[in-house]
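Coordinates in review
Each chain is listed here by its residues.
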Amino acid sequence: MGKGSGRPQGQFPRGSTGEKASWDGKRYYSIDSYLKKAFGEKVYRLALHGGMTCPNRDGKLGSKGCIFCSAAGSGDFAQQASVPIPVQLETAKKQIRMKRNCQKYIAYFQAFSNTYAPVGYLKRIFMDAIRDPDVVVLSIATRPDCLPEEILSLLAELNQYKPVWIELGLQTIHPTTSRLIRSGFTLECFQAAVENLSLRHIPVIVHVILGLPGETRAQMLETVSYVGNLRVFGIKLQLLHVLSDTDLGVLYQKKPFPLFSQEGYCEMIADCLEILPQDMTIHRLTGDGPKDLLVAPLWSRAKRSVLNQIQQTLKARDTWQGKFFLPTKTP
């Protein structure tokens, strides 16, 4: 995407395609590494709730949401929607400071679709977050079909105050799977959203779910390769969690479908990292499913163990992010 890619400049690791780079002792370019270079210290994420819903829930497109989405709309760890944003921020900071000595934060609007509201309301809550002196980045999770022109203009305006990141849930590029999970948007819609954000120099982080029902390893890697060639700022690789309060949970309990083993998932992550460009930040490698809702896979509860095994897998294979990345034309 060239000059208009919306990717922050000057923070990328050394190394080119196929060459081994160094990211603070890791074999992939974690978002922690990027943030430490950009802001001089570790930056923590504060999960906020903007009180919005989703066109896949309010009847515009559907009423049940995506098949894997919990009642909290992926905001299971966010603050309470009824509380003003400045209070949410202070509460979240106090919770983190009980465990960590931290001074800088990402204000992360996580639950549901966080650009699905009138532009005046969005400007108010986002400015409430940006004005906090401890907030260094505003990160907004939303859908690609919730970015009309007036919202894009607002995001570009906010990006002049502090960095704004947009997180888009692609999950898969395969139409059959998209219909199964009820995503409600097309790949063409997603592509247009990425281009519109990139033209405004707004970094994009793409969410991909690994292990969706019916998808082969080859199909998952096709999705990851597609994202790698978009040349967006970052990617979240999310293990499929089966939660009890979702339609996916109902489906699984009626007719269980194959899920990754821990070893198989760590090998899959290594495969994915190998085909991603070295300057793409990795924002997630597994995921956190609420323990009281998690049906499967139960091994995912031990997140630290999973991350350690991923590192061990990369080391055992003597591989790293970008080892086999081959740029191709973006579809």
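Computed from a predicted structure; not experimentally measured.

**A look at the sheet that holds strand S8 (residues 281–284)**
- Within the open sheet, the seven strands sit side by side as S1-S2-S3-S4-S5-S6-S8. Their pairing is parallel. The two strands at the open ends of the sheet, each matched to only one other strand, are strand S1 (43–48) and S8. Each adjacent strand pair in this sheet contributes to an overall mean axis angle of 25°, direction not counted.
- Along the sheet, helix H1 (residues 31–39) contacts S1, strand S2 (104–109), strand S3 (135–142), strand S4 (164–171) and S8; its crossing angle with S8, the most-contacted strand, is approximately 120°.
- Strand contacts of helix H7 (residues 217–230): S4, strand S5 (204–210) and strand S6 (234–239), with the helix running at about 175° to S5, the strand carrying the most contacts.

**Topic: the environment of Pro203**
- In this structure, Pro203 sits in the loop between helix H6 (187–199) and S5.
- For Pro203, a relative accessible area of 6% puts it in the buried group.
- Each C-alpha atom of the pair Pro203 and Glu167 lies 8.7 Å from the other, and the pair is 36 residues apart in sequence.

**Here we look at the packing of helix H3 (residues 119–130) against helix H4 (residues 149–158)**
- Where H3 meets H4, the closest approach of the two axes is 11 Å, and the angle between their N-to-C directions is 20°. For the element pair H3 / H4, the angle class is roughly parallel. Of the two possible hands of crossing, H3 and H4 adopt the one that is right-handed. For the pair H3 and H4, contact is made by Val119, Leu122, Lys123, Phe126, Met127 and Ile130 and by Glu150, Ile151, Leu154, Glu157 and Leu158, respectively.

**Looking at the nonpolar core**
- The biggest cluster of nonpolar side chains holds 69 residues, and the ones touching the most others in it are Leu138, Leu155 and Leu210.
- Of the residues forming this core, the biggest block, seven residues, is contributed by helix H9 (residues 262–274).
- For Leu138, the residues in contact, after removing those within four places along its chain, are Ala107, Phe109, Phe126, Ala129, Ile130, Leu158, Pro163, Val164 and Trp165.

**Thoughts on the environment of Ile67**
- Among the secondary structure elements, Ile67 is positioned in the loop between S1 and helix H2 (85–97).
- Along the primary structure Ile67 and Arg179 are separated by 112 residues, whereas in three dimensions their C-alpha atoms are 9.8 Å apart.
- Among all residues touching Ile67, those that are not within four sequence positions of it are Leu180, Ile181, Arg182, Thr246, Asp247, Leu248 and Leu251.

**Some thoughts on the confidence of the model for the chain**
- Overall, the prediction assigns the chain a mean pLDDT of 90, with 91% of residues at 70 or greater.
- Counted against residues more than four places away or in other chains, residues 1–5, with its pLDDT under 50, gives ten contacts.
- Here residues 9–15 is a poorly scored stretch, pLDDT under 50, and it has 18 contacts once near neighbours within four places are set aside; other chains count.

**Overview of H6**
- With 13 residues, H6 should cover 18 Å at 1.5 Å per step; its first-to-last C-alpha distance of 18 Å lies within 8% of that length.
- Buried residues of H6: Phe190, Ala193, Val194, Leu197 and Ser198, and no others. For H6, the arc enclosing every buried residue in end-on projection is 130°, short of the 170-degree limit, so these residues lie on one face. Turned more than 90 degrees off the buried face of H6, the exposed positions are Glu188 and Leu199.
- Buried residues along H6 sit in contact with H4, S4, S5 and H7.
- A positive backbone phi angle near 60° is found at His201, which sits one or two residues after H6.

Cut-off values and rules
Residues numbered from 1 in each chain as written. Predicted model: local features only at pLDDT ≥ 70, side-chain atom pairs only at ≥ 80, totals over all residues. Heavy atoms only, no water. Pairing = 2+ DSSP bridges. Helix = DSSP H or I, 4+ residues; strand = E, 2+ residues; numbered from the N terminus. Axes fitted to C-alpha atoms, helices over the stretch in contact; angles between N-to-C directions. Contact = heavy atoms within 4.5 Å. Buried < 20%, exposed > 50% of the residue type's maximum accessible area, 1.4 Å probe, protein only. Parallel < 35°, antiparallel > 145°, perpendicular 65-115°, else oblique. Left-handed = near helix turned anticlockwise from the far one by under 90°. Core = buried A, V, L, I, M, F, W, Y, C linked by side-chain atoms within 4.5 Å. pLDDT = per-residue confidence, 0-100. Expected span 1.5 Å × (residues − 1). Arc of directions from axis to C-beta.

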